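The primary structure of each chain is shown beneath.
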Amino acid sequence: MPTVDAAAVNAAADARPLPSVVVHDSMAEAAATAAAETARLLADAAAERGVAHLVLTGGSGGAALAAALPAALAAVGLTSAHGLDRVHLWEGDERFVPADHPDRNDLQVTGLVAAGIPEANMHRLPGPEQVESVDAAAAALAEALREHGPANGRFDVVHVGLGPDAHVCSLFPGHPVAPTTGTDVIAVRDSPKPPPERVSFTFDVLHRARRVMVVAGGAGKTEAVAKGLAAPDVVAAPASCARGEATVWHLDRAAAAGVPD
Ligand SMILES: O=C(O)[C@H](O)[C@@H](O)[C@H](O)[C@H](O)COP(=O)(O)O
C-alpha cells in the first residue's frame, strides 16, 4: 500500500552506505567518467544476468550523460551487433506532455536508440495524447515495470539529476507526495519545476538500486550538493535520500564547493 511516510524514507536512506564523491575538472569530464562507469556496470549485468536495466534522468546532468553514453557503451563492446539488445532504458521521471513535446525527458535517448538500443527496450511514459490523466500514465508505467522491469525491482544503474533546490527525479522538497513509499511509481501534480504534471519513480526504487549516480555541475548546484550530502531528510532535501546499494556523485569543481568537510 502506498503511504506518505517521511520517517520511513529517511530511515531507509540512512540504512544505505554513504555516497562517495568524485570531483572532476569539468562537467564534460564528470559525464564522461559517469558514462564509462555506467557502461561497465551494464556490460557486467548483461553478462551475469542476461539483461541490464538503466534509469536515465532529465536536466543538464542527464543530458550530458546521455550524450556521453553511446561512445562509452561501444568502448565496453556493447554494440548494435552485440549486446545492446539486452539493455533496457527507463526514465526516473518524465513530464506528462505529448511524445513529441520538447519538454519530454526521453528525447535525450535518441542517440542511444541510434547507437543500437532497440526502441522496444525504451520504456516510455504514455503522454496525454494516449491516456486521459497523469494517474493513468503512472499506472501504465507501473505495469510496464512489473512486466519488463528488473528482477526484484533492482535496477543496475539509476541516474538522478540534482535540482538547485536539492530535488531528484520529480521528488521535490516539501511536496506532499515526495515521501511516498510502498509503490515504485507516483503521479506528481503541482511540480514547482515546469511542466506541472509528471510521473516519478519513488525512493523505494532508488533504495533498491545496485548503483545510484548523480552527475551535477555548476555553481548553481553548490547548495544542493551540501544538502544532498547531509543526513537524510526527504522533506528538506530529497537528494539526501537518493542512496542505493552504492552511490556515487560525479561533480565538477564548482558544484563540489558544496561538499561538506
Ligand atoms: O524532469 C526533470 O526536470 C528532471 O529529471 C529533474 O530531476 C532534473 O534532473 C533536475 O531538475 C536537474 O536538472 P538541471 O541539471 O537541469 O538543473
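Look above for the structure.
Keep in mind it's a predicted model, so treat the numbers as computed, not measured.

A. Looking closely at the site of the ligand. Of all residues adjacent to the ligand, which total 16 residues, the nearest are Ser60, Asp93, Arg95, His167 and Cys169. Contacts to the ligand include His167, whose side-chain N or O atom sits 2.6 Å from an oxygen atom. Arg198 is positioned with one of its side-chain polar atoms (N or O) 3.0 Å from an oxygen atom of the ligand. Only helix H3 (59-75) and strand E5 (93-95) provide two or more residues apiece to the shell around the ligand.

B. Local environment of the environment of Val205. Within the secondary structure, Val205 sits in helix H6 (residues 203-208). Judged by relative accessible area, which is 0%, Val205 ranks as buried. Between the C-alpha atoms of Val205 and Gly217, which are 12 residues apart in sequence, the distance is 24 Å. Ignoring sequence-local partners within four residues, the contact set of Val205 consists of Phe155 and Asp184.

C. Expanded view of the packing of aromatic side chains. Within the structure shown, the criterion is met by 2 aromatic pairs. Seen in terms of ring centroids, Trp90 and Phe155 are 5.9 Å apart; in terms of plane orientation they differ by 80°. Their pairing is edge-to-face. Linking Trp90 in strand E4 (residues 87-91) with Phe155 in the loop between helix H5 (134-148) and strand E6 (157-160), this pair joins segments that are 65 residues apart in sequence. According to the relative accessible area criterion, Phe155 is buried, its value standing at 1%.

D. The arrangement of the sheet that holds strand E9 (residues 198-201) in detail. Spatially, the 3 strands line up as an open sheet ordered E5-E9-E8, and their pairing is antiparallel. In the strand order of this sheet, the two ends are held by E5 and strand E8 (185-188), each with one partner. For this sheet, the mean inter-axis angle between neighbouring strands, taken without regard to orientation, is 15°. As judged from the 3 bridges shared by E5 and E9, these two strands associate in the antiparallel manner. Bridged to Asp93 within E9 is Ser200.

Rules behind the numbers
Residues numbered from 1 in each chain as written. Predicted model: local features only at pLDDT ≥ 70, side-chain atom pairs only at ≥ 80, totals over all residues. Heavy atoms only, no water. Near = heavy atom within 4 Å. Polar contact = N/O pair within 3.5 Å; in protein donor to acceptor, adjacent residues only side chain to side chain. Helix = DSSP H or I, 4+ residues; strand = E, 2+ residues; numbered from the N terminus. Buried < 20%, exposed > 50% of the residue type's maximum accessible area, 1.4 Å probe, protein only. Contact = heavy atoms within 4.5 Å. Phe/Tyr/Trp six-rings, centres within 6.5 Å; stacked < 30°, edge-to-face > 60°. Pairing = 2+ DSSP bridges. Axes fitted to C-alpha atoms, helices over the stretch in contact; angles between N-to-C directions.

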